[in-house]
Amino acid sequence: MEFHEATKHSYASIRTAFHKLDWANKPHPFKTYEDLPSTRLPREIPKPMSRTLKNLAAAGGNRLSLESLASLLYFTAGITREVRYPDGVHYFRAAPATGALYPTEVYVVAGDVDGLADGVYHFSPSRYALTCLRSGDYRGFLARHSLAEAGSSQASIVLTSIGWRNAWKYRERSYRHWFWDSGVMLANLLAVCSSYGLESVVAAGFVDEAVNRLVAVDGLKEAAVVVAPVGRSVKPAAEHAVVEPMSPKVRPLSARERSYKLVEEMHLASCIHSVEELEAWRARAMQKRELRHEDGEGFELKPADEAGPPLWETILRRGSTRRFSRQPITLHQLSTILETASQSLKTDFNGPHIDIYIIAHSVEGLPPGAYFHDGKNLKTLKRGEFRRVSGYLCLEQDLGSDAAAVFFFMAPLTDVLEKMGNRGYRVAQLEGGIRAGLAYLAAYMAGVGATGLTFYDDEVREFFSPHAGDKENMLVVAVGHPAYRAKPGRMILGVEDV
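What you see is a predicted model; the values in this text were computed from it and never measured. (Residues numbered from 1 in each chain as written. Predicted model: local features only at pLDDT ≥ 70, side-chain atom pairs only at ≥ 80, totals over all residues. Heavy atoms only, no water.)

> Tell me what's going on with the overall build of the protein, and back it up with residues and numbers.
Across its full length, the protein holds 17 helices and 17 strands. Over its C-alpha trace the protein gives a radius of gyration of 21 Å, about what one expects of a compact globule, namely 23 Å for 498 residues. Overall, the protein is about 60 × 50 × 45 Å in size when its C-alpha atoms are taken along their principal axes. Within the protein, counting contacts between residues at least 6 apart in sequence, those at least 24 apart form 83% of the total. (Helix = DSSP H or I, 4+ residues; strand = E, 2+ residues; numbered from the N terminus. Rg over C-alpha atoms; globule rule 2.2 N^0.38 Å. Contact = heavy atoms within 4.5 Å.)

> Which residues make up the pairing of strand β16 (residues 449-453), and what values go with them?
Burial runs high along β16: four of the five residues are buried. Pairing of β16 with strand β17 (residues 472-480), which is carried by five bridges, proceeds in the antiparallel orientation. Residue Thr-451 lies in a different strand from β17, and its bridge partner there is Ala-478. (Buried < 20%, exposed > 50% of the residue type's maximum accessible area, 1.4 Å probe, protein only. Pairing = 2+ DSSP bridges.)

> An account of the pattern of salt bridges is needed here, citing residue identities and associated values.
Side chains that differ in charge, positive against negative, can pair when their charged atoms come close. Tallied over the entire structure, the rule returns 30 salt bridges. With a closest N to O distance of 2.8 Å, Glu-222 and Lys-31 form a salt bridge. Note that Glu-222 is positioned in strand β8 (residues 222-232) and Lys-31 in the loop between α2 (11-16) and β1 (38-40), a separation of 191 residues in sequence. Side by side, Glu-222 and Lys-31 carry an identical accessibility label, which is buried. Asp-457 serves as the salt-bridge partner of Arg-176, at 2.9 Å between the closest nitrogen and oxygen. Of the two residues, Arg-176 sits in helix α7 (residues 174-195) while Asp-457 sits in helix α17 (residues 457-463), which places them 281 residues apart along the sequence. Comparing Arg-176 with Asp-457, the two get one shared label, buried. Counted as one network, the salt bridges with shared partners bring together Glu-5, Lys-8, Asp-458, Arg-461 and Glu-472. (Salt bridge = Lys/Arg side-chain N within 4 Å of Asp/Glu carboxyl O.)

> Quick one: what's the story with the sheet that holds strand β11 (residues 355-360), residue by residue and with numbers?
Pairing is antiparallel across the open sheet formed by seven strands, whose spatial order is β9-β14-β13-β11-β15-β17-β16. Each edge of the open sheet is held by one strand with a lone partner, namely β9 (298-300) and β16. Between one strand axis and the next, the sheet turns by 25° as a mean value, whatever way the strands run. Pairing of β11 with strand β15 (residues 405-411), which is carried by six bridges, proceeds in the antiparallel orientation. Paired with Ile-359 across the strands is Val-406, a residue of β15. (Axes fitted to C-alpha atoms, helices over the stretch in contact; angles between N-to-C directions.)

> I'd like to hear about the nonpolar core, residue by residue, with values.
Of all hydrophobic cores here, the largest spans 161 residues; its most connected members are Leu-334, Phe-407, Phe-408 and Phe-464. Counting residues per element, this core draws most heavily on helix α16 (residues 423-445), at 14 residues. Apart from the residues within four sequence positions on either side, Leu-334 is in contact with Ile-329, Val-363, Leu-366, Leu-378, Ala-405 and Phe-407. (Core = buried A, V, L, I, M, F, W, Y, C linked by side-chain atoms within 4.5 Å.)

> Talk me through the sheet that holds strand β4 (residues 104-110); I want residue IDs and the actual numbers.
Within the open sheet, the six strands sit side by side as β1-β6-β5-β4-β7-β8. Their pairing is antiparallel. In this open sheet, the two strands that pair with only one neighbour each are β1 and β8. Across the sheet, the mean angle separating the axes of adjacent strands is 30° when strand polarity is ignored. Bridge count between β4 and strand β7 (residues 153-162): seven bridges; the pairing is antiparallel. In the strand pairing of β7, Val-109 is matched with Ser-156. Helix α3 (residues 66-77) rests against β4, β5 (119-124), β6 (129-135), β7 and β8 of the sheet, and its axis sits at about 165° to β4.

> Tell me about the packing of aromatic side chains, and please be specific about residues and values.
Scanning all chains against the criterion turns up 17 aromatic pairs. Ring geometry for Tyr-175 against Phe-179: centres 5.1 Å apart, planes inclined by 80°, an arrangement best described as edge-to-face. Taken as a pair, Tyr-175 and Phe-179 lie in helix α7 at a separation of four residues, close to a single helical turn. Across this residue pair, the class does not change: Tyr-175 and Phe-179 are buried. Taking 5.0 Å as the distance between ring centres and 50° as the angle between the ring planes, the aromatic pair formed by Tyr-357 and Phe-464 counts as tilted. One end of the pair, Tyr-357, is in strand β11; the other, Phe-464, is in the loop between α17 and β17, and 107 residues separate them in sequence. Across the ring face of Tyr-11, the terminal group of Arg-15 is positioned such that the distance to the ring centre comes to 3.6 Å. (Phe/Tyr/Trp six-rings, centres within 6.5 Å; stacked < 30°, edge-to-face > 60°. Lys NZ or Arg CZ within 6 Å of the ring centre and 35° of its normal.)

> Could you give an account of helix α12 (residues 331-341), with specific residues and numbers?
A large share of α12 lies buried, amounting to nine of its 11 residues. Where α12 is concerned, the buried positions are Leu-331, Gln-333, Leu-334, Ser-335, Thr-336, Ile-337, Leu-338, Thr-340 and Ala-341.

Take a look at the structure:
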């Protein structure tokens, strides 16, 4: 809570905490190993064809192959757009990232993937390739230090965050972004796994030092954020009692890097240090949250029955909307986004720990006002036109006032921390990111646009009070029709070394 309070935005803090960006020192967006060879992934890969984003937690029994793994990696973290600016080419990716800085790196711990040798790999979006860090089956080691499913799955996706990439712009608040950016990528990953009929689960609990050592990162400048086992294995996991430290040579991101003490303190304070501590944490994390019954006037949601475009087209179409037209969206579209964003997820922290609040500006069949989603219906909190207020809450950005509706993903943070300790802070931000990512995908599948926004923390809670109580806002997503014709992305399977 000390970290959360210290990194809140307010009207005063935005105007007094001046920070000039050093563009000459902007971090490089891709991680490059200088002394390890990489192997290109197959260019002929399947495309996720699902036309719905429902039931992502449903079990699937299909096998993971090198080709489907390549597709999973691409549609989670691959390059979808090349845009030329005066300072050079910018590469945008399959999932959004705060400031388009892409701090999240992707690793694969493979032990039974058809067509891929067992090992620990790093995925390079720029080269569309895997770099082998360790040879052999390390699923047993990962299962012991994270989730049992890591040993019974064909592979686990490990997401890490390179802190400097985001701190260059967002400083101390950037620690929140570690989990926002990882969460929206997980939304893509879960959706693609569901499309391919692959089992998947998200684990926020793991022994930090062990997982960091496994993927050869230092745990501070770059640190593991989440472990996601995928694909059901028929091969018993090997036992690896010892994983030797290694420090492969990596190309520097900037000429100068700065560390932020508050970020380091927060991360270390939320680490899990032993298997015994992990087991105790997970027992608490899996306790079910008690949801209160909601009274009052409500509106029945009406999710669309018709199928949207294939998932792969939706991901390529997705891009953060930069200007909304103020045209209304339908109640079907709003309902579909809500149903998708609030669905059950298979995790090791037994959510939901995120509640969705909405300011509706222009939704056909829904009066303008503020609402709470109780899991089934919308409950009216305030009636009225709140475009100016919404824009102010979203850090005085026109996107918050011009959108058709704005989603606020809020968490009972005090309760989460009482149950899960400091690790609960990661969970709240991560789940907020996942649900925001699902809202993004659902919006584009429903034919509208979306964008993630930052916000004035306490003002958001005050606006939704008294209903919000002491909940804290994790993330904001605005949805609506773009005020321009947006071009879809395309599959870019590697670019020249950058």
